[in-house]
Every structure is written in structure tokens, then in C-alpha cells.
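# Examining the three-dimensional arrangement
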Amino acid sequence: MTYREQKIVNPLAEGTILRGAKQEYCIRKALGQGTFGITYRATTKMEGPLGAIEVNVAIKEFFMKSNNNRHGSEVTYSGSDNIFESYKKMFAREASNLGKLNHRHIVKVLEYFEANNTYYYVMEYCSGGSLDNVIARRGQLPEEEALHYFGQ
């Protein structure tokens, strides 16, 4: 495995449908996993002047890699319910706070919702990857380029 490749533990199955408050989403692929979540590429249908089109979105799921498991699409937890609920609330607060931001260099949160005993937030999908991926691929960035990104 290379620097950023990883085995994703217990992701939602491809084709799983998530129903948010505004849209319905179909999981297409698990993209990555951190300590507190799994990020997916999903699709949804958006209505426009020419009819419905299928759009890619990114969805982050609250899933504590070391303590969560899955029964079907339902998230289960082994350990203290208080800890799970506390972190779940922090994740929801993060989604809410990110949803209030509006800047061209920050991915927009489209909605967040609770389902399957956990929280999800849906964001614009950026196919170029993260700055972290760029650094992993290229190594150290030249100072001028790093300052440009920092300024954004």
C-alpha cells in the first residue's frame, strides 16, 4: 500500500440508498476512512430547467473505526453509549457549522441528517482530491505554492 491507500473497515455497501431531509443518495464508492468517519462518493438526482440530472456528491458518515460495527446499514456500537452519543453530537455540530460557511475555497455542505443510528453530511464532490493527496503524491510543496494555498 502507498502512503494514502488504506483498507476501509466496514463501509456501507455500494448501492445503499440514504434518505436525507432534502434528497435521496445512492452510495457508489467508499473513498477513505479516518478515526471518526468514512467518506463516500454518492449520486443524487437534481432537478433543473432541463429535467433531472444525476450529480456526484461526497458523504461523510460518523463511524468510529475502533468502536463501531454494522448490522446491514445500521451502525452499532460496542462500548459506552455515552461516549458514542457524545461524539455523534460533536459530529452533527461539525456538520452544522460547516453548513454555515460560504467560501469558494471551502467545500459546501448541502445537508446533514441522521439515519441508520448515525449522522451523515453531504457535500459538493470535488474530483481533484484534497491538498493532503497532492502533498502525498508530490511531496513537499514549494514555499510560494504552499503560501498560495494557505492564503486561500
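In this report, the structure presented in the accompanying data block is examined. (Residues numbered from 1 in each chain as written. Predicted model: local features only at pLDDT ≥ 70, side-chain atom pairs only at ≥ 80, totals over all residues. Heavy atoms only, no water.)

### Considering the environment of Met46
Residue position: Met46 is located in strand 3 (residues 37-48). Judged by relative accessible area, which is 29%, Met46 ranks as partly exposed. Spatially, the C-alpha atom of Met46 lies 29 Å from that of Phe36, the residues being 10 residues apart in sequence. With residues near it in sequence (within four places) discarded, Met46 still touches Gln23, Gly51, Ala52, Ile53 and Val55. (Helix = DSSP H or I, 4+ residues; strand = E, 2+ residues; numbered from the N terminus. Buried < 20%, exposed > 50% of the residue type's maximum accessible area, 1.4 Å probe, protein only. Contact = heavy atoms within 4.5 Å.)

### Things to note about a nonpolar patch on the surface
The grouping of Phe36, Ile83, Tyr87 and Met90 at the surface amounts to a nonpolar patch, some 330 Å² of accessible area in total. You can see Met90 is positioned in helix 1 (residues 81-99). Residue Met90 is classed as partly exposed on the basis of its relative accessible area, which comes to 35%. (Patch = residues over 30% accessible without salt bridge, like charges linked within 9 Å, V, L, I, M, F, W, Y side chains within 5 Å. Areas by Shrake-Rupley, 256 points an atom, 1.4 Å probe, with all protein chains shown as cover. Salt bridge = Lys/Arg side-chain N within 4 Å of Asp/Glu carboxyl O.)

### Structural notes on the nonpolar core
Core analysis: the largest hydrophobic core is formed by 28 residues, its most contacted members being Leu18, Tyr25, Ile27, Ile59, Phe113 and Tyr120. Elements with a contribution of two residues or more to this core: strand 2 (24-33), strand 3, strand 4 (51-62), strand 6 (74-77), helix 1, strand 7 (109-115) and strand 8 (118-124). In contact with Ile59, not counting residues within four places along its chain, are Leu18, Tyr25, Ile27, Ile38, Thr39, Tyr40, Ala42, Tyr120, Tyr121 and Val122. (Core = buried A, V, L, I, M, F, W, Y, C linked by side-chain atoms within 4.5 Å.)

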